[in-house]
Amino acid sequence: DWKEKGAARLVKTEKDENGNVISTHIIKRGVEDFEFGKTLGIGSYSTVVGATDKQTQQTYAIKILDKRHIIKEKKVKYVEIEKNTLSRLRDHPGIVSLHYTFQDESSLYFVLDYAANGELLSLIKKMGSLDEACTQYYSAQILDALEFMHFRGVIHRDLKPENILLDEKMRVKITDFGTACLLSNEVDSQGNKLPTYPQNHRTNSFVGTAEYVSPELLSDKVQGKECDVWAFGCILYQLIAGMPPFKAANEYLTFKKIVKLDYRFPPGFPSRLKDLVRRVLVFDPRQRYDIPRIKAHPFYDGFDWNRKNLWKQKHPRIM
Ligand code: ADE
């Protein structure tokens, strides 16, 4: 017996043969079904708050978006993209799952997986840098999540250590799909999926974060899946070096370094990883290593890429 109570609560009741209610289950959640806790993050259009489902005691991270602000700043399209993207990517361990969405007069709510160990960026900052074993472990999970995302026709476009979260078992969970690009199922003459949305809505501005932006976006204003692989290369470098390869006093100088491929390896940077980074941070996106070639690189020699095992392995000691 299903009943819609109000707009946001679908209630299932079980009755015995005499018509007495023996149990009720709230199927569709609303604001009143959660106990809100501490703020986990504040963005320009949203706040992420920790919350507990009163019925199941399950912890979630709820992204709260202010409707008036979103409409005023013309970000409705981005919110739709984020919701549609997360819905497409629901069942991968390396991507934050969207469990419920609901709204009240003032806000939209996205109920997401809670990542207990916060941002990968905080881990890098706390440790200064990571060792090779950790770099292999975290980068392999990022790569597997990226491969799945691309397979489902999603380009993230703002991949960076702030958007890579860690769960209670130190497993990677990619988040923040507000600037993602959804590819349609239509293909061009080369068999590439076509974007559903315009590549870049705002002329003269870019999506993403300066340090991780690919050179093709800066030179041709175009972006395909290769831009996520570029960002992956920057993250690979950052895990070992402690900072991203292209970093300058301001965005303009950072962009200049990117298009000139102006970066250096710090002393002691492992040679096999150097070789891999050099093959990923390639100016021409068509020459850049793709995900299968990265997986086959000697840096991952002997690594078990089987998706089940990859997400079951114990994380290495953090050094
Ligand atoms: N901060 C932002 N999103 C989060 C999430 N899903 N889990 C934990 N902290 C977060």
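The structure contained in this document is the topic of the report that follows.

Cut-offs applied
Throughout this description, residue numbers start from 1 for each chain and increase along the sequence as written. Side-chain atom pairs in this predicted model are given and counted only at pLDDT of 80 or more, local residue features only at pLDDT of at least 70, and totals for whole chains, interfaces and linings cover all residues. Working from all heavy atoms in the structure, the side-chain values ignore hydrogens and water. A run of DSSP states H or I qualifies as a helix once it reaches four residues; a run of E qualifies as a strand once it reaches two. Both are numbered from the N-terminal end. Three exposure classes are used, based on accessible area relative to the maximum for each residue type with a 1.4 Å probe and protein chains only: buried under 20%, partly exposed in between, and exposed over 50%. Strand pairing is assigned whenever DSSP identifies at least 2 bridges connecting the two strands. Salt bridges are identified by distance alone: a Lys or Arg side-chain nitrogen within 4 Å of an Asp or Glu carboxyl oxygen. Axis definition: a line fit to C-alpha positions, over the contact stretch in the case of helices; interaxial angles, taken between N-to-C directions, run 0 to 180 degrees. Note on terminology: angles under 35 degrees are roughly parallel, angles over 145 are roughly antiparallel, angles of 65 to 115 are roughly perpendicular, and the others are oblique. Definitions for this section: a left-handed crossing has its near helix turned counterclockwise from the far helix by less than a right angle. A right-handed crossing has that turn clockwise. Whether two residues are in contact is decided by their heavy atoms, any of which lying within 4.5 Å being enough.

Take the environment of Ser122 next. Structurally, Ser122 is set in helix H3 (residues 120–127). Judged by its relative accessible area of 41%, Ser122 is partly exposed. Sequence spacing of Ser122 and Val48 is 74 residues, and the spatial spacing of their C-alpha atoms is 17 Å.

With that out of the way, let us pick up the pairing of strand E8 (residues 107–113). In terms of burial, E8 is a largely internal element, 7 of the 7 residues being buried. As paired strands, strand E6 (residues 59–66) and E8 are joined by 7 bridges and run antiparallel to one another. The partner of Lys63 across the bridge, within E8, is Phe110. Summarising the sheet, strand E7 (residues 98–103) and E8 pair through 5 bridges and their orientation is antiparallel. Note on E8: the bridge partner recorded for Thr101 is Phe110. Hairpin remark: E7 followed by E8, antiparallel, with 3 residues in the connecting loop.

One pass over the full model with this rule turns up 16 salt bridges. Across the pair Asp176 and Lys63 runs a salt bridge whose closest N-O atoms are separated by 3.8 Å. With Asp176 in the loop between strand E11 (172–174) and strand E12 (181–187) and Lys63 in strand E6, this residue pair connects regions lying 113 residues apart in the sequence. Overall, Asp176 belongs to the partly exposed group, its relative accessible area being 30%. For Lys63, a relative accessible area of 8% translates into the label buried. Here Glu211 makes a salt bridge to Lys247, at a shortest N to O gap of 3.7 Å. One end of the pair, Glu211, is in the loop between strand E13 (193–195) and helix H5 (215–220); the other, Lys247, is in the loop between helix H6 (226–241) and helix H7 (251–259), and 36 residues separate them in sequence. For Glu211, a relative accessible area of 15% translates into the label buried. On the basis of relative accessible area, Lys247 is assigned to the partly exposed category, the value being 44%. By sharing partners, the salt bridges in this structure join Lys63, Glu82 and Asp176 into a single network.

It is worth spelling out the packing of helix H4 (residues 132–151) against H6 at this point. Relative orientation of the contacting elements H4 and H6 amounts to 165°, with a least axis distance of 10 Å. As far as their axial angle goes, H6 and H4 are roughly antiparallel. Judged by the sense of rotation from one axis to the other, the crossing of H4 with H6 is right-handed. For the pair H4 and H6, contact is made by Glu132, Thr135, Ser139, Ile142, Leu143, Leu146 and His150 and by Asp228, Phe232, Ile235, Leu236, Leu239 and Ile240, respectively.

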